[in-house]
Amino acid sequence: WKMMMGEYLLYLDGFGFGGIYDDRLMLKPTPSVDRMIPDAPREAPYPGAGEMVVADDVPLDTLMELLPQMCFELPKKKACRPF
């Protein structure tokens, strides 16, 4: 994680996958997020930002399965590694 402007950006192997905004876990929208948590609401984390998926109520086991899949769908600078 990295604190920025009073919020926290979240990273996995150097890939930004989401953040904590106003005490809410928000994820970047990717195909795996849409597939695994299709009914999660979407909101902009701050004015002018793109929409992100609000994942506050997603069970931990679902997140543990989802995050490595997201890593392969995000812009890449280096290869992802599994948990």
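Residues numbered from 1 in each chain as written. Predicted model: local features only at pLDDT ≥ 70, side-chain atom pairs only at ≥ 80, totals over all residues. Heavy atoms only, no water.

1. Description of the packing of aromatic side chains
Phase 1 of the analysis: Enumeration according to the criterion identifies one aromatic pair in this entry.
Phase 2 of the analysis: Measuring from ring centre to ring centre gives 6.3 Å for Tyr21 and Tyr46, while their planes differ by 45°; the resulting arrangement is tilted. Of this pair, Tyr21 sits in strand 3 (residues 15-21) while Tyr46 sits in the loop between strand 5 (42-43) and strand 6 (52-54), and the two are 25 residues apart along the sequence.
Phase 3 of the analysis: Looking at Tyr21, the relative accessible area reads 8%, which means it is buried. (Phe/Tyr/Trp six-rings, centres within 6.5 Å; stacked < 30°, edge-to-face > 60°. Helix = DSSP H or I, 4+ residues; strand = E, 2+ residues; numbered from the N terminus. Buried < 20%, exposed > 50% of the residue type's maximum accessible area, 1.4 Å probe, protein only.)

2. Some details on a negative patch on the surface
Phase 1 of the analysis: A contiguous patch of negative charge on the surface is contributed by Asp22, Asp23, Asp56 and Asp57.
Phase 2 of the analysis: Take Asp22: it is sitting in the loop between strand 3 and strand 4 (24-27).
Phase 3 of the analysis: Taking the relative accessible area as the measure of exposure, Asp22 reaches 52% and is therefore exposed. (Patch = residues over 30% accessible without salt bridge, like charges linked within 9 Å, V, L, I, M, F, W, Y side chains within 5 Å. Areas by Shrake-Rupley, 256 points an atom, 1.4 Å probe, with all protein chains shown as cover. Salt bridge = Lys/Arg side-chain N within 4 Å of Asp/Glu carboxyl O. Lys, Arg positive; Asp, Glu negative; His and termini not counted. Charge placed at Lys NZ, Arg CZ, Asp CG, Glu CD.)

3. Observations regarding the nonpolar core
The nonpolar side chains of a soluble globular protein tend to be buried with one another.
Phase 1 of the analysis: With 18 residues, the main nonpolar core has Phe17, Leu27, Val33, Ile37 and Met70 as its most contacted residues.
Phase 2 of the analysis: The greatest single-element share of this core, amounting to five residues, is contributed by helix 2 (residues 60-73).
Phase 3 of the analysis: Leu9, Met26, Met52 and Val54 belong to the second-largest nonpolar core, a separate cluster that totals five residues. (Core = buried A, V, L, I, M, F, W, Y, C linked by side-chain atoms within 4.5 Å.)

4. Focus on the pattern of salt bridges
Phase 1 of the analysis: Scanning the entire structure with this criterion turns up two salt bridges.
Phase 2 of the analysis: Its salt-bridge partner being Arg24, residue Glu43 comes within 2.3 Å of it at the nearest N-O pair. With Glu43 in strand 5 and Arg24 in strand 4, this residue pair connects regions lying 19 residues apart in the sequence.
Phase 3 of the analysis: Overall, Glu43 belongs to the partly exposed group, its relative accessible area being 35%.
Phase 4 of the analysis: On the basis of relative accessible area, Arg24 is assigned to the buried category, the value being 17%.
Phase 5 of the analysis: The partner of Asp34 in a salt bridge is Arg42, with the nearest N and O atoms 2.3 Å apart.
Phase 6 of the analysis: Arg42 sits in the partly exposed class, given a relative accessible area of 34%.

5. What about the pairing of strand 2 (residues 7-12)?
Phase 1 of the analysis: Two strands pair when backbone bridges link them, and strand 2 and strand 3 are joined in this way by five bridges, in the antiparallel orientation. Looking at strand 3, one finds that Leu12 is bridged to Phe15.
Phase 2 of the analysis: The turn linking strand 2 back onto strand 3 is made up of two residues, and Asp13 within it adopts a positive phi angle of 55°. (Pairing = 2+ DSSP bridges.)

6. A word on unusual backbone geometry
Phase 1 of the analysis: If you check the backbone angles, Asp22 has positive phi at about 50° while not being a glycine.
Phase 2 of the analysis: Residue Asp23 is not a glycine yet carries a positive backbone phi of 60°.
Phase 3 of the analysis: Note that Asp23 resides in the loop between strand 3 and strand 4.

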